[in-house]
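Residue-level listing of the chains:
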Amino acid sequence: MGEPLMHPLGLLAEVTHRCPLGCPYCSNPIALESRADEIDAVTWARVFAEAADLGVLQVHLSGGEPTARRDIVEITAAAHSARLYTNLITSAVGVTEKMLAALAEAGLDHVQISIQDANAASADRIAGYDGAYVRKRALAAAVVRLGIPLTVNAVIHHANIDRIADVVDQAVALSASRVEIAHVQYYGWALANRAKLMPTRQQVEHAVDRVEALRERYRGIIVIDAVVPDYFARYPKACLGGWGRRSLNVSPSGKVLPCHAAETIPGLEFWSVREHSLSDIWHSSPAFNTFRGTDWMKEPCAGCSRRLEDFGGCRCQALALTGDARATDPVCHLSPYHDLVADLAEQRDEAPYIYRRFRADRTTAAEIAKVG
Ligand code: SF4
Ligand code: SF4
């Protein structure tokens, strides 16, 4: 494997797939899990205790919209009791100030609010929800009033990339301590909308320059996290710091995944917290061990000096673009499929968004095939 097994640092707790918004780049799977399948708060409490024992330091309470769960305060309190740093990742829609105060009382340490754009009409159009933008600003102000550290997360694509500076200005105006400029990653819903979401090369180059200027301007005021988007990079990123290396995701029904898109890879066997301890899953589950380390690699990754830096890039992206999850991520310029990425980066259209909708009970195989 090339290095000893590390312990995870972060746990993404996807407590529900329910969400009032419909972002066309949502990282949730196309086949959303239903409310009836969600694990209960008692099980989450056990998972958090086991995570802390494994060495996890941070839990990200996410979804869907995590506050769609009526027991989110209880779940947050359980994470806090396990001595985990708790971060609520929220769309802000449906979160009242009273609920926020109760979460703070339960030990919530940090809030991350997504904003879809700096322009209200465009933001609501991207979210597929009228009035979302106003609610996000109101909740951000409430977070700051309660003294909870705030991160603004903006997913960037063709429709909003030219307003990156406005997004950062807005995060500063909202008194956020950090802003994440997260370029769309093309799996699941985003893959279905790729030609609509893909920025032009010129847009990306301008955005990279603007971010550098903004970092200078706001040094000491706000931290700006941003990386060059995959399709325009020379090397891939170490997806989540390497497969099964630093983090794990628990789905609403209790399935444990090495990353949120791992279920797009056919043939992987995911174990559930309903039947296994988190430690057992981390150490022994087939899904975590399949792409751990470097033994699974083919050339050119197998003989490459960067293989312990980027771990061959993203397995889900390799599968989506080449049909082979063991292939070098085609984002890498050394991949024999790299031209494919360059071609796709030039393909765009103005088709309407395919919005992500929560309809798990009604999503048929035919609908999934149509979207995915
Ligand atoms: S990306 Fe949008 S639709 Fe998906 S969970 Fe977040 S807010 Fe909801
Ligand atoms: S060949 Fe593989 S290991 Fe080398 S830089 Fe490319 S993706 Fe990374």
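Residues numbered from 1 in each chain as written. Chains lettered and ligands numbered in written order. Predicted model: local features only at pLDDT ≥ 70, side-chain atom pairs only at ≥ 80, totals over all residues.

## Comments concerning the site of ligand 1
Piece 1. Every residue lining ligand 1 is accounted for by Cys19, Leu21, Gly22, Cys23, Cys26, Asn28, Gly63, Gly64, Glu65, Ser91, Ser114 and Arg356.
Piece 2. Its residues placed into classes, the shell around ligand 1 shows four nonpolar, six polar and two charged. (Near = placed C-beta within 6 Å. Nonpolar A, V, L, I, M, F, W, Y, C, P; charged D, E, K, R; others polar.)

## Thoughts on the site of ligand 2
Piece 1. In the vicinity of ligand 2, 14 residues are found, and the nearest of them are Cys301, Cys304, Arg306, Arg307 and Cys332.
Piece 2. Broken down by class, the residue content of the shell around ligand 2 amounts to seven nonpolar, three polar and four charged.

## Examining the packing of helix 6 (residues 164–173) against helix 9 (residues 201–217)
Piece 1. Interaxial distance between helix 6 and helix 9 falls to 9 Å at its minimum, and their mutual angle equals 30°. On the basis of the axis angle, helix 6 is roughly parallel to helix 9. Relative to helix 9, the crossing made by helix 6 is right-handed. Where helix 6 approaches helix 9, its residues Ile164, Ala165 and Val168 are matched on the opposing element by Ala207, Arg210, Val211 and Leu214.
Piece 2. Here the residues of the contact of helix 6 with helix 9 are counted per class, giving six nonpolar, no polar and one charged. (Axes fitted to C-alpha atoms, helices over the stretch in contact; angles between N-to-C directions. Helix = DSSP H or I, 4+ residues; strand = E, 2+ residues; numbered from the N terminus. Parallel < 35°, antiparallel > 145°, perpendicular 65-115°, else oblique. Left-handed = near helix turned anticlockwise from the far one by under 90°. Contact = placed C-beta atoms within 7 Å.)

## As for the pairing of strand 2 (residues 58–62)
Piece 1. Most of strand 2 sits out of view: four of its five residues are buried.
Piece 2. Pairing of strand 1 (residues 10–14) with strand 2, which is carried by five bridges, proceeds in the parallel orientation. Its bridge partner lying in strand 2, Ala13 is registered against Leu61.
Piece 3. The handedness of the strand 1 to strand 2 crossover, carried by helix 1 (residues 41–54), is right-handed.
Piece 4. In the sheet, strand 2 pairs with strand 3 (residues 85–90) via four bridges, with the strands oriented parallel. Its bridge partner lying in strand 3, Leu61 is registered against Leu88.
Piece 5. In this view, the connection linking strand 2 to its parallel neighbour strand 3 by way of helix 2 (residues 72–81) has right-handed handedness. (Buried ≥ 20, exposed ≤ 12 C-beta atoms within 10 Å, placed from the backbone. Pairing = 2+ DSSP bridges. Right-handed = clockwise from strand over helix to strand, strands pointing away.)

## Here's the deal with the nonpolar core
Piece 1. In terms of nonpolar packing, the biggest core is built from 105 residues, with Phe48, Ala51, Val59, Val152 and Val179 touching the most fellow members.
Piece 2. When residues of this core are assigned to their parent elements, the largest contribution, six residues, is made by helix 5 (residues 132–145). (Core = buried A, V, L, I, M, F, W, Y, C linked by C-beta atoms within 7 Å.)

## A look at the sheet that holds strand 8 (residues 247–250)
Piece 1. Ordered in space as 7-6-5-4-3-2-1-8-9, the nine strands form an open sheet in which the pairing is mixed. Unpaired on one side and paired on the other, strand 7 (223–226) and strand 9 (256–257) mark the two borders of the sheet.
Piece 2. Summarising the sheet, strand 3 and strand 4 (residues 110–114) pair through four bridges and their orientation is parallel. The residue of strand 4 that forms the bridge with Ile89 is Gln112.

## Overview of unusual backbone geometry
Piece 1. Residues Gly63 and Gly64 are joined by a peptide bond in cis, for which omega reads 10°.
Piece 2. Take Gly64: it is sitting in the loop between strand 2 and helix 2.
Piece 3. Phi at Ala92 takes a positive value of approximately 80°, unusual for a residue other than glycine.
Piece 4. Secondary-structure assignment places Ala92 in the loop between strand 3 and helix 3 (97–105).
Piece 5. A positive phi is found at Phe311, a non-glycine position, where the angle reads about 50°.
Piece 6. With respect to the secondary-structure elements, Phe311 resides in the loop between helix 12 (307–310) and helix 13 (315–322).

## As for the environment of Ala176
Piece 1. For Ala176, the location among the structural elements is in the loop between helix 6 and strand 6 (178–183).
Piece 2. Each C-alpha atom of the pair Ala176 and Arg234 lies 31 Å from the other, and the pair is 58 residues apart in sequence.
Piece 3. Apart from the residues lying within four places of it in its own chain, the contact partners of Ala176 are Leu150, Thr151, Val152, Ala171 and Ile222.

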